[in-house]
Amino acid sequence: MIHSEYSFIDALAGGVLIGLGSLLAFLASGVIPGISGLFSRILRFPSAESVWRLVFFAGLLAGAGLLFASVDSASAYRPGSSLVGVAAAGLLVGFGTRLGGGCTSGHGVCGIGLGSRTSLVATVLFMASGIATVWLFRHLNIPLLK
Amino acid sequence: MKTKWPLLLAAGVLFGAGLALSGMTNPGRVIGFLDITGHWDPSLAFVMGGALTTFAVGTAVWRRRRGSKGLFGDQLPTRDGVGPIDRSIVLGSVIFGIGWGISGFCPGPAIANLAALRPGALAFVPAMAVGALLARIGFGADQDEGS
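One structure accompanies this document, and this report is about it. Note that this is a predicted model, so its numbers are computed, not measured.

**Brief notes about helix 4 (residues 83-99) of chain A**
With 17 residues, helix 4 of chain A should reach 24 Å at 1.5 Å per residue; the first-to-last C-alpha distance of 24 Å fits that figure. Among the residues of helix 4 of chain A, those classed as buried are A:Gly85, A:Val86, A:Ala89, A:Gly90, A:Val93, A:Gly94, A:Phe95, A:Gly96, A:Thr97, A:Arg98 and A:Leu99. Summarising the contacts, the buried residues of helix 4 of chain A are in contact with helix 2 (35-41) of chain A together with helix 4 (87-103), helix 5 (107-112) and helix 6 (119-139) of chain B. Following helix 4 of chain A by one or two positions, A:Gly101 adopts a phi angle in the positive range, close to 75°.

Right, here's the structure in full:
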């Protein structure tokens with residue numbers, strides 16, 4: 001286990017790796033490799049189109065697992081809410097990202113990276129909504145979720 | 001087509017390692033970024049800045065040197081591939097943000113946490129699948145073959 005104090009260097013280096021992974025997936029697949037879209041596509045009848053996405057996710061789990069096991073700052077974890085809250089949030093995230101056509105990676109990294117104004121608007125909206133939600137739950141202190 | 005699998009596996013490894021290294025697999029850190037009136041944690045801005053810049057520069061350089069086709073001859077999507085702003089995108093993004101703010105999870109970090117068998121991820125990811133299917137079946141989202 002590598003003991004390291006988390007810093008903005010980790011944030012930046014991690015971001016560059018995410019960008020490289022997205023770039024490689026984009027060039028190899030010919031589609032915008034947003035995580036919510038890749039995930040949603042494997043929830044269909046199995047086909048050649050789902051297999052490469054599963055391969056990508058196998059890599060994602062391996063890469064994350066490797067870092068969790070070897071760098072202690074990467075394995076730091078503080079839950080956002082109770083399990084009931086997390087499950088409710090999962091429903092909202094699954095529904096919202098597909099209705100909205102993308103998530104933090106599809107709109108926030110790839111869409112904006114390609115220069116899409118739609119992705120910029122979507123990213124501003126989900127960030128604003130996330131900020132407002134955190135603010136509300138901080139102030140209302142709802143026991144179910146915190 | 002199978003020749004592209006090793007590259008997509010490598011892409012996934014880079015993505016997953018980047019998520020974990022960046023600290024974004026820790027929901028507390030993501031909520032720290034969204035909590036602008038509290039003890040604000042700017043890390044997520046560095047992560048997105050690094051990822052966005054790398055992707056934007058990489059795709060621009062590729063387009064200039066190699067043209068509009070990908071590694072295996074596919075026509076690469078442009079910004080027009082995202083489509084215009086409509087009511088679904090506005091509403092969907094706002095709903096996504098609510099779930100993101102409650103849990104500190106967006107899809108990538110939640111899936112990455114399955115590697116550590118975190119209870120939060122084990123609750124979140126199946127619920128996310130249900131939500132995605134609901135959007136597709138009930139609201140006609142996600143009908144095309146795109147990303």
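**Looking at the interface of chain A and chain B**
Interfaces are often sized by the accessible area lost when the parts come together. Every contact between the two is made by 105 residues of chain A and, on the other side, 109 residues of chain B. Interface area for chain A against chain B, summed over the two sides, is near 9,700 Å², with a carbon-plus-sulfur share of 76%. Counting across the interface, chain A meets chain B through one salt bridge. Close ionic contact of A:Arg138 with B:Asp35 constitutes a salt bridge, the shortest N to O distance being 2.1 Å. Of all elements in the fold, only helix 1 (8-29), helix 2, helix 3 (48-70), helix 4, helix 5 (104-113) and helix 6 (117-140) of chain A reach the threshold of two or more residues within the side of chain A that touches chain B.

**Focus: the layout of surface pockets**
Of the voids in this model, the second largest pocket is the one considered here, and its volume is about 170 Å³. Lining the second largest pocket are 13 residues, and of these A:Arg78, A:Arg138, B:Gly28, B:Ile31 and B:Gly32 lie nearest its centre. A total of four residues in the lining of the second largest pocket trace back to one element, the largest contributor, which is helix 2 (residues 27-34) of chain B. Partitioned by chemical class, the residues of the lining of the second largest pocket number two nonpolar, five polar and six charged.

**Focus on the packing of aromatic side chains**
According to the stated counting rule, one finds 10 aromatic pairs over all chains in the structure shown. On the numbers, 5.4 Å between centres and 70° between planes, the contact of A:Phe26 with B:Phe55 is edge-to-face. Separated into two different chains, A:Phe26 in helix 1 and B:Phe55 in helix 3 (residues 43-66) make up a pair that spans both. Here A:Phe26 and B:Phe55 have matching classes, each one buried.

**So, the side chain of A:Ser119**
Tracing the sequence through the fold places A:Ser119 in helix 6. With relative accessibility at 0%, the residue A:Ser119 sits in the buried group. Once residues lying within four places of it in the same chain are set aside, the contact partners of A:Ser119 are A:Gly106, A:His107, A:Gly111, A:Ile112 and B:Val82.

**With respect to unusual backbone geometry**
Peptide bonds are trans in most cases, and residues, glycine excluded, mostly fall at negative phi. Residue and element names in this part refer to chain B. One non-glycine residue, Leu117, lies in positive phi territory at about 50°. Within the secondary structure, Leu117 is located in the loop between helix 5 and helix 6. For Leu117, a relative accessible area of 61% translates into the label exposed.

**Describing the packing of helix 3 of chain A against helix 1 (residues 4-22) of chain B**
Direction vectors running N to C along helix 3 of chain A and helix 1 of chain B enclose 40°, while the axes themselves pass 6 Å from each other. As for how helix 3 of chain A packs across helix 1 of chain B, the hand of that crossing is right-handed. Residues A:Val51, A:Trp52, A:Val55, A:Phe56, A:Ala58, A:Gly59, A:Leu60, A:Gly63, A:Ala64, A:Leu67 and A:Phe68 of helix 3 of chain A form the contact with helix 1 of chain B, whose own contacting residues are B:Lys4, B:Trp5, B:Leu8, B:Leu9, B:Ala11, B:Gly12, B:Val13, B:Phe15, B:Gly16, B:Ala17, B:Ala20 and B:Leu21.

**Some details on the packing of helix 1 of chain A against helix 3 of chain B**
Two elements in contact, helix 1 of chain A and helix 3 of chain B, have axes separated by 7 Å at closest approach and are oriented at 35°. Helix-helix and strand crossings are classified by hand; for helix 1 of chain A and helix 3 of chain B the assignment is right-handed. Taking contact as the criterion, the partners of A:Phe8, A:Ala11, A:Leu12, A:Gly15, A:Val16, A:Ile18, A:Gly19, A:Leu20, A:Ser22, A:Leu23, A:Phe26 and A:Leu27 in helix 1 of chain A are, on helix 3 of chain B, B:Ser43, B:Phe46, B:Val47, B:Gly50, B:Ala51, B:Thr54, B:Phe55, B:Gly58, B:Thr59, B:Trp62 and B:Arg63. Its residues assigned to classes, the contact of helix 1 of chain A with helix 3 of chain B comprises 14 nonpolar, eight polar and one charged.

**Side note on the side chain of B:Ser22**
Mapped onto the secondary structure, B:Ser22 falls in helix 1. Excluding residues that lie within four positions of it along the chain, B:Ser22 makes contacts with A:Tyr6, A:Asp10, A:Ala11, A:Gly14, A:Gly15, A:Ile18 and B:Val47.

**Quick notes on empty space enclosed by the protein**
Applying the stated rule across the entire model yields two cavities of 30 Å³ or more. Estimates place the volume of the largest cavity at around 200 Å³. Every residue lining the largest cavity is counted, 19 residues in all, and those nearest its centre are A:Ile18, A:Thr104, B:Leu19, B:Cys106 and B:Pro109. Considering every element that reaches the lining of the largest cavity, the biggest residue donor is helix 3 of chain B, with four residues. A breakdown of the residues in the lining of the largest cavity according to their chemical character gives 16 nonpolar, three polar and no charged.

**Things to note about the environment of B:Val13**
Along the chain, the position of B:Val13 falls in helix 1. Distance in space between the C-alpha atoms of B:Val13 and B:Ser43 is 21 Å, their sequence separation being 30 residues. For B:Val13, the residues in contact, after removing those within four places along its chain, are A:Gly59, A:Leu60 and A:Gly63.

The rules behind each value
- Residues numbered from 1 in each chain as written.
- Chains lettered and ligands numbered in written order.
- Predicted model: local features only at pLDDT ≥ 70, side-chain atom pairs only at ≥ 80, totals over all residues.
- Heavy atoms only, no water.
- Helix = DSSP H or I, 4+ residues; strand = E, 2+ residues; numbered from the N terminus.
- Expected span 1.5 Å × (residues − 1).
- Buried < 20%, exposed > 50% of the residue type's maximum accessible area, 1.4 Å probe, protein only.
- Contact = heavy atoms within 4.5 Å.
- Buried area = accessible area lost by both parts, 1.4 Å probe.
- Salt bridge = Lys/Arg side-chain N within 4 Å of Asp/Glu carboxyl O.
- 1 Å grid on protein atoms, 1.4 Å probe; cavity = no way out; pocket = protein on both sides within 12 Å on 5 of 7 lines; lining within 4 Å.
- Points joined across faces, edges and corners; volume = space filled by probe spheres on them.
- Nonpolar A, V, L, I, M, F, W, Y, C, P; charged D, E, K, R; others polar.
- Phe/Tyr/Trp six-rings, centres within 6.5 Å; stacked < 30°, edge-to-face > 60°.
- Axes fitted to C-alpha atoms, helices over the stretch in contact; angles between N-to-C directions.
- Left-handed = near helix turned anticlockwise from the far one by under 90°.

In short, shape yes, function no, at least from these values alone.
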